[in-house]
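Chains, contacts and geometry: an overview
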Amino acid sequence: MTDNMNGVDAGRRQVKGDKDLPRDGTLNSCLLFEPPVKAGNISLSGLHFIANHKYRPCEYTHLDNILNPVWAYLTELLPLWLAPNMVTTIGGLHCGVAYALLWWYSPDFDESTPDWVVLLAGWCTIAYFTLDCMDGKQARRTGSSSPLGQLFDHGFDCICALFFMATIGSYLMIGGTYWYILLQTTLQFAFFMAQWEEYHTHVLPHCAGKWFGVTETNYSLGMIAIVNSFLDREAFYHRPMELVLAPLGDSMLDQLPTALRELELRHFLMAGWGVTSVILMALSLKRVLSHPRVSSTKLRLHALSKLATPFALCLAAFLVPPNAVRTRYLSVTLGLAFSLITKKMIVFSMAKMTFAIVQWDAMPFLLLALWIKFDERLTKMGADFVLGTASLW
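Given the structure is predicted, the values throughout are model-derived calculations rather than measurements.

Rules of the game
Residues numbered from 1 in each chain as written. Predicted model: local features only at pLDDT ≥ 70, side-chain atom pairs only at ≥ 80, totals over all residues. Heavy atoms only, no water. Phe/Tyr/Trp six-rings, centres within 6.5 Å; stacked < 30°, edge-to-face > 60°. Helix = DSSP H or I, 4+ residues; strand = E, 2+ residues; numbered from the N terminus. Buried < 20%, exposed > 50% of the residue type's maximum accessible area, 1.4 Å probe, protein only. Lys NZ or Arg CZ within 6 Å of the ring centre and 35° of its normal. Disulfide = S-S within 2.5 Å. 1 Å grid on protein atoms, 1.4 Å probe; cavity = no way out; pocket = protein on both sides within 12 Å on 5 of 7 lines; lining within 4 Å. Points joined across faces, edges and corners; volume = space filled by probe spheres on them. Nonpolar A, V, L, I, M, F, W, Y, C, P; charged D, E, K, R; others polar. pLDDT = per-residue confidence, 0-100. Contact = heavy atoms within 4.5 Å. Axes fitted to C-alpha atoms, helices over the stretch in contact; angles between N-to-C directions. Parallel < 35°, antiparallel > 145°, perpendicular 65-115°, else oblique.

With the rule as written, the count across this model stands at 15 aromatic pairs. Seen from their ring centres, Tyr-178 and Phe-318 are 6.0 Å apart, and the 20° between their planes marks the pair as stacked. With Tyr-178 in helix α7 (residues 178-201) and Phe-318 in helix α15 (residues 308-319), the pair connects residues that are 140 residues apart, well separated along the chain. Accessibility expressed as a relative area gives 33% for Phe-318, which makes it partly exposed. Seen from their ring centres, Phe-236 and Tyr-237 are 5.0 Å apart, and the 85° between their planes marks the pair as edge-to-face. Note on Phe-236: relative accessible area 31%, which makes it partly exposed. Taken together through their ring pairs, the aromatic side chains of Trp-71, Phe-129 and Tyr-219 make up a single cluster. Of note, Arg-328 hangs over the ring of Tyr-99, and the distance from its end group to the ring centre comes to 5.0 Å.

Here is the structure:
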């Protein structure tokens, strides 16, 4: 961390001596490779922007305003010697422990998980997000706020998305189906779009109005998991919608499409998740394309082109037949590929550097998906092996 801060300070000093710097490259476009950097991965201009970066969130929800004093009070209980990044790390460890247990008891999200594991996963979701809201306050309290702290925080968010998906997938038992792929691709694409929106507008969105946002989503996921720990989940979620909606009466049920009546509750809920995610992504798209910084057709096309690689990852995930691989291997490989390009978008947003349309970090997953889809000689064990190797890489 010290070396990185020295690099940021050096960038600030050297930028002051060069009239051509700094340059905002977020509105530019390049196809295959970002503009070359003389040394390292971040230009001197980028280091300058990172050193002077200020976090700018959008408006807060009503729940944010209610809970903010609670987060502030909890932060005051922390010792002053506790580094803000350690607060972030402790929160991330909650996700790591619960994810490991979910993996142990339900390796591919298709087996019933012990109630106590689901309960723990719900608690860890709440603990993680609460600590995530406290690390910035601890940084300001100890006078150690830095742009690198935001990078550290958001980097954990990218990885912990795998834990949230594992929790939902485990109690719904949707492994080995395209429903799990829908869950993962919509969640990770939406998270990428939030960083993409900040890249173009310089404001990080975390809510859609005063009533729904990241806080409501995370605490709801935690509470829903806790409630699920007290349910007979297999009996509850495997019911067809015809049985769920039976209290409405036969006359009402007869008006519903047969496909909807035969759909299991867990799949209906995933369809609702997908629709909600698409609406949120459409709102993000609207905010970017109507922003004053993206005012021309050319700039709008440049902005849209930066979604090409994550969109390709989503398509590639659906290309892989669910029965051709173990869901966990596919999930981890896809999740790490998304994590890499999302973290790069976060860094380039802070550094105001040009983000290439084609992101080569995603290429291994894209090629493996094509291989698994079209090579009939590749066994399921072989597909798992190549995905596992790609994850380690």
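Within this structure, the stated rule accounts for 0 disulfides. Among the cysteines around Cys-124, which has no disulfide bond, Cys-95 carries the closest sulfur, lying 7.2 Å off. The structure places no disulfide on Cys-158, whose sulfur is separated from the nearest cysteine sulfur, that of Cys-160, by 9.5 Å.

Before going further, it helps to examine the layout of surface pockets. Each pocket or cavity is described by its volume, and for the second largest pocket that value is around 500 Å³. Lining the second largest pocket are 22 residues, with Arg-23, Pro-36, Ser-43, Leu-44 and Ser-45 sitting closest to its centre. Class assignment of the residues belonging to the lining of the second largest pocket gives a composition of 10 nonpolar, 6 polar and 6 charged.

Our focus in this paragraph is the confidence of the model for the protein chain. Here the protein chain shows a mean pLDDT of 87. Residues at 70 or above account for 94%. Mean pLDDT values for the elements of the protein chain range from 45 in helix α1 (residues 2-16) up to 95 in α15. In this model, residues 1-19 is a region of pLDDT below 50 whose contacts with residues beyond four sequence positions or in other chains number 21 contacts.

Quick look at the packing of α7 against helix α16 (residues 327-351) now. Their axes nearest at 9 Å, the elements α7 and α16 cross at an angle of 5°. Classified by the angle their axes make, α7 and α16 are roughly parallel. Across the interface between the two elements, Tyr-180, Ile-181, Gln-184, Thr-185, Gln-188, Phe-189, Phe-191, Phe-192, Gln-195, Trp-196, Glu-198 and Tyr-199 from α7 touch Thr-327, Leu-330, Ser-331, Leu-334, Gly-335, Phe-338, Ile-341, Thr-342, Met-345, Ile-346, Phe-348 and Ser-349 from α16. Of the residues in the contact of α7 with α16, the class split is 14 nonpolar, 9 polar and 1 charged.

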